Amino acid sequence: MTPITDTRPKLAWIQALRGIAVVLVVLTHARYFFLDTPSWELAEQWLRPGAMGVDLFFVISGFIMVYTTRHMAGTPADAVDFLVRRFARIWPLYALITVVWLTVNNLGPGWLRNPSQIKALMLSLSFQPVNLEKAPFFDPALPLGWTLNFEMYFYLVFGLCLLLGRWRLLMLAGWIVLTVILLPAVKRDLSFDILTNFHFSLGYLNLMTNPIILEFLAGVGIGWLFLQEWFRLRSQTVARHVVFLALCAAVWALWGGPANFHGPKQWGAVAALMVLALALASKTVTLVPPAVLVWLGTISFSLYLTHTTTQALVHHAVAAIGGEVHSWGHVLLSTAVAISAAAAVYHYLEVRLSNASTAALRALSLVMLKRIAAKT
């Protein structure tokens, strides 16, 4: 199986959205520095809406998967290579940071003697729900890992749908409608509340049927539209106004509008409409976001995975020297350190782990495909 060389142009505006999304998530977790203080209400008001970054990531994932696979014919080799690259990008760093988080959060390796934490680790690293009563977060060993459960499920389904060639997106949409809408409707009243627990006896079904998966489908739909020649605006002036209004509407929806939680009817809808507007406008005018946002988008996965660990370490360090840990200055310091630490993790760990894992898994998959071909 020949490695695929990506010569496609990068979408700077998508990378910038990733950068915005991850900084929002970092800041929303920084609000916990104010827990049980007089500033908690203010921190909740201004920082909690940043959790929308997760919904934005899900919409972007759907978009990017359509865009980056648009030239794939849909052969078994294509599907295998897609899944190899997704797994190699996510799992190695996730596994490493999960172990680091458990050690930091327990102030040492004592968690290794705790059977429940070992079990949670094993379930987490196989992207399975740990606590079925806690939809959609499911209590993974690294709390941030709940989003990766959904990401990896979406990648698996998308990769398998690649085998259908030109019908891949139709099959994907049909599968998601079946599992997220029809199956829950049969089980009980249909709900788009992501906190709903359907209590399926097969535990993984509780993840597969969660309505937050519709955010990936929204991204897929936007990606499909983006690839259509007719999907464009004639006027550059109108396109610029679309960008301006979309960004202002998103700010309003988060800090003054009706959206206040994850899900396709709340923050997910805000994220989808913003990505749709930018995708439409970008086909008429060149969107040139600030370079720093594009860079933050590049390191966004490392920053997402490591920031809570870095925040905890900074918190311990500042408290140890008698510094104030319940201040906006501490939010600034911890965020700055988190970004710097993530840049180092991206350069020295994420890229190298991903490349090495991709090479190893590609070699293994090539052997397996040859064996399957020989038998058939």
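Scroll up to find the structure this text is about.
Predicted model only: the values in this text are computed from it and were never measured.

(A) Structural detail: the packing of helix α4 (residues 76–105) against helix α5 (residues 115–125). Two numbers describe how α4 lies on α5: the axes approach to 11 Å, and their chain directions differ by 160 degrees. Here α4 lies roughly antiparallel to α5, going by the angle between them. You can see that α4 and α5 cross each other, and the crossing is right-handed. From α4, Trp91, Tyr94, Ala95, Thr98 and Leu102 reach across to α5, where they touch Gln117, Leu121, Ser124 and Leu125. For the contact of α4 with α5, a count of residues per class yields six nonpolar, three polar and no charged.

(B) Spatial organisation of helix α10 (residues 236–255). Between its first and last C-alpha, α10 extends 29 Å over 20 residues, near the 28 Å set by a 1.5 Å rise per residue. For α10, the elements touching its buried residues are α3 (52–68) and α11 (267–282). For α10, the N-terminal cap is Ser235; the gap from its side-chain oxygen to the backbone nitrogen of Thr237 is 3.2 Å.

(C) Structural detail: unusual backbone geometry. Cis geometry marks the peptide bond from Ala135 to Pro136; its omega dihedral reads 0 degrees. One can find Pro136 in the loop between α5 and α6 (146–161). We note that Leu107 has phi near 55 degrees; this positive angle belongs to a residue other than glycine. Inspection of the secondary structure puts Leu107 in the loop between α4 and α5. Here Phe127, not a glycine, exhibits a phi torsion of approximately 60 degrees, which is positive. Phe127 gets classed as buried once you look at its relative accessible area, which sits at 7%.

(D) Highlighting the nonpolar core. Core analysis: the biggest nonpolar cluster contains 99 residues, and Trp13, Leu56, Phe63, Phe150, Phe158 and Leu305 have the highest contact counts within it. At twelve residues, the largest contribution of residues to this core is made by α3. What Phe150 contacts, discounting residues up to four positions off in sequence, is Phe58, Pro136, Phe138, Leu207, Asn210, Ile212, Ile213 and Phe216. Ranked by size, the runner-up nonpolar core spans five residues in total, among them Ala30, Phe33, Phe34 and Ala43.

(E) Expanded view of the pattern of salt bridges. A full pass over the atoms with the stated rule returns six salt bridges. We note a salt bridge from Asp139 to Lys134, for which the minimum N-O separation is 3.5 Å. One salt-bridge network, in which partners are shared between bridges, spans Asp81, Arg85 and Arg362.

What counts and what doesn't
Residues numbered from 1 in each chain as written. Predicted model: local features only at pLDDT ≥ 70, side-chain atom pairs only at ≥ 80, totals over all residues. Heavy atoms only, no water. Axes fitted to C-alpha atoms, helices over the stretch in contact; angles between N-to-C directions. Helix = DSSP H or I, 4+ residues; strand = E, 2+ residues; numbered from the N terminus. Parallel < 35°, antiparallel > 145°, perpendicular 65-115°, else oblique. Left-handed = near helix turned anticlockwise from the far one by under 90°. Contact = heavy atoms within 4.5 Å. Nonpolar A, V, L, I, M, F, W, Y, C, P; charged D, E, K, R; others polar. Expected span 1.5 Å × (residues − 1). Polar contact = N/O pair within 3.5 Å; in protein donor to acceptor, adjacent residues only side chain to side chain. Buried < 20%, exposed > 50% of the residue type's maximum accessible area, 1.4 Å probe, protein only. Core = buried A, V, L, I, M, F, W, Y, C linked by side-chain atoms within 4.5 Å. Salt bridge = Lys/Arg side-chain N within 4 Å of Asp/Glu carboxyl O.

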